[in-house]
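# A closer look at the structure
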Amino acid sequence: MSGKTIRFTPHYVQKGRGPHLDDFIFLTDREGDTFKADIKLNNNGIIIQNTGSAEDFCLNVRWNVEGYGYLTMPADNGGECYTFSPFRNLEYNLNYELARTRVSRNRYRIEHFQRGGWFPSQELQSLRNLSENFLRDATKNISHDEICAEFSQKALLYALWSGEILEMEKARWDIERNGVRKNFLFGCDSRGYHQMNSRLFMEYFTEVFNYATITHYLIGDHVNFEPNEGEKHFEERDRLLDDLRKHGIAVEGRPLFWTHTWVTPEWLKEKSFSQLMAYLEKHIRTVVGHYGDRIQGWEVVNELHDWANELQLNPDQTIELTRFACDVIRDVNPNIKILVNNCCPFGEYVQKGLWHEIPAKYPQRTPFQFTKQLVEAGVDFDAVGVQVYFTAKTPMDFIRVIERYEVFGKEIQLAEVGAPSRGITQEFIEEDIIDYSTQPYEWHRHWDEELQADWLEEIFTYAYSRPLIKAANWYDLIDGFAFLKSGGLLRSPRGERKAALDRLKVLQKKWKIH
């Protein structure tokens, strides 16, 4: 490194009291993978001092754009990335860089799509023109920081809206070209079967879903699968599986290996790696063998990309374990579709240096880097799972991350999709924020049931438009039991339906699914 710094100065031109800039900031390389870097935020702005072996980078900050949302957004120097100067410190106007990046990305996507025969609507073209014109005004005033920031903020606002509309217009155009996808899997987790009247559950579930996941968490499940080693609880899951199969629902079992703190019993933590591998082989042979062809697919590992790592495996062990588990599945039942499920698609945890809440002992990989290592190692799996919970990212940036996986030529499943329907996004373990009106809204407005339906519509529409994406799974059905607070499609076990459930039904009718 040159010893020089790069500073990004934010200009708070927003009207509200904020917050307008979050203190967690991360960098990605030219390929889009997060790496650990020396980043400081103080009254002078964001200071980048050391990027290790990375020669250039893209900045990612959570920034409040009033009229669109308080979301993580990239600044990538108009697609060129930022590089340290060996001679002097560099300074950038953050507002301008965020706007320039989004306008540039929209410009590239539109030009790329037009070469395939698609053309933007008048509404989209108008919004795009506004973003381009405001960016042009910002560029003219680049030496006047505040004026430049004002124009940049307007350019960013219209670029965000045009980028979102752009992706949805293109997806709908592709759907019309592709025709009906009779084998596309509309999925949801099926734990609701045990959380409400089972007949009522099946009535709602079969109305819109043809794909279900059945969880096998050792602990932390609706019915713990193996709280004590060797005591596996199949009865409740067999009953659920039989009922799903009677209704023609395809089923995936999940997960065969997941070591998040929420689901890892003490007896598993005590095993050496060789003992763990012996247990895993016995576990897979017992579980996959028990179900046979009644379950068509298995999630072999979940979140093993240096995120859920309660057993503190090193990177080589994670690859070895995944390979071994896939080989055992093939040996038990060669008909099984094997899925590797990944969370945190942006890999921000790498900057934090954490395995969830545990300090990471080894260099961390992003989900994409982990998947690439599996492919390069010749691990025998069929599908990649990408989780698309709303995590203060734009739909456009989720799309950008998902499309990276197409390079592997494997089936993609949006394995867990979710968004809240009230207030702001919270996981089930977090203390409820009652007065969310004091917080900036995250996307379009504070969450409500119609906005949750909008998120579902955009993600499922995109998924249905991409031939390599074979499934999209909402996670999960009922409020009070969902991973995200208010993230269910039903308000309670009594079965009060939300707008998102009806929205999915409308989409399927439009796509001639039923």
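First, a word on scope: everything that follows refers to the structure included in this document. (Residues numbered from 1 in each chain as written. Predicted model: local features only at pLDDT ≥ 70, side-chain atom pairs only at ≥ 80, totals over all residues. Heavy atoms only, no water.)

## Points about the pairing of strand S1 (residues 6-9)
Going by this rule: Only strands that DSSP links by at least two bridges are regarded as paired with each other. Each helix corresponds to a stretch of at least 4 residues labelled H or I by DSSP, and each strand to a stretch of at least 2 residues labelled E; elements are numbered beginning at the N terminus.
As defined by bridge partners, S1 adjoins strand S8 (residues 90-93) across four bridges and the pair is classed as parallel. For Phe 8, the partnering residue across the bridge sits in S8 and is Tyr 92.

## Some details on the sheet that holds strand S6 (residues 58-65)
Applicable threshold: In what follows, a contact means two residues having at least one pair of non-hydrogen atoms within 4.5 Å. Lines fitted to C-alpha atoms define the axes, with helix axes restricted to the stretch in contact, and inter-axis angles between N-to-C directions lie between 0 and 180 degrees.
Across the sheet, which stays open at both edges, the four strands sit in the order S3-S2-S6-S7 with antiparallel pairing between neighbours. Of all strands in the sheet, those with a lone pairing partner are strand S3 (34-35) and strand S7 (69-75), marking the two edges. Where strand S2 (residues 26-28) and S3 come together, two bridges link them in antiparallel fashion. When the sheet's bridge partners are listed, Thr 28 is paired in S3 with Thr 34. Seen against the sheet, helix H1 (residues 94-114) touches S6 and S7 and runs at an angle of roughly 80° to S7. Against the sheet, helix H3 (residues 145-178) engages S6 and S7, with an angle of about 95° to S6.

## With respect to the environment of Arg 245
What counts here: Burial classification: accessible surface area is computed with a 1.4 Å probe over protein chains only, and a residue below 20% of its type maximum counts as buried, one above 50% as exposed, and the rest as partly exposed.
With respect to the helices, strands and loops of the structure, Arg 245 is situated in helix H5 (residues 235-246). A residue is classified by how much of its surface remains accessible, and Arg 245, at 40% relative accessible area, is partly exposed. Dropping the residues within four chain positions of it, Arg 245 is found in contact with Asp 293 and Arg 294.

## Side note on the packing of aromatic side chains
To be explicit about the condition: Between rings of Phe, Tyr and Trp, where Trp is taken as its six-membered ring, a pair exists when centres lie within 6.5 Å; planes separated by under 30 degrees are stacked, by over 60 edge-to-face, and by other angles tilted.
Scanning the model with the defined rule gives 39 aromatic pairs in all. Residues Phe 8 and Tyr 82 carry aromatic rings whose centres are separated by 4.9 Å and whose planes lie at 85° to one another, so their mutual orientation is edge-to-face. Taken together, the positions of Phe 8 in strand S1 and Tyr 82 in the loop between S7 and S8 put the pair 74 residues apart, joining distant regions of the chain. Under the relative-accessibility criterion, Phe 8 is labelled buried at 0%. For Tyr 82, a relative accessible area of 0% puts it in the buried group.

## So, the pattern of salt bridges
For the record, the criterion: Salt bridges are identified by distance alone: a Lys or Arg side-chain nitrogen within 4 Å of an Asp or Glu carboxyl oxygen.
Within this structure, the stated rule accounts for 46 salt bridges. Linking Arg 109 and Glu 403 is a salt bridge whose minimum nitrogen-to-oxygen distance equals 3.0 Å. Of this pair, Arg 109 sits in helix H1 while Glu 403 is found in helix H11 (residues 395-404), placing the two residues 294 residues apart along the sequence. The pair formed by Arg 109 and Glu 403 is uniform in burial state, with each residue classed as buried. A salt bridge links Arg 491 to Glu 449; the nearest nitrogen and oxygen atoms lie 2.7 Å apart. With Arg 491 in the loop between strand S18 (469-474) and helix H13 (499-510) and Glu 449 in helix H12 (residues 449-465), this pair connects stretches of sequence that are 42 residues apart. Taking relative accessible area as the criterion, Glu 449 reaches 22% and is therefore assigned partly exposed. Put simply, Arg 109, Glu 167, Glu 403, Glu 406 and Arg 466 are held in one network by salt bridges that share partners.

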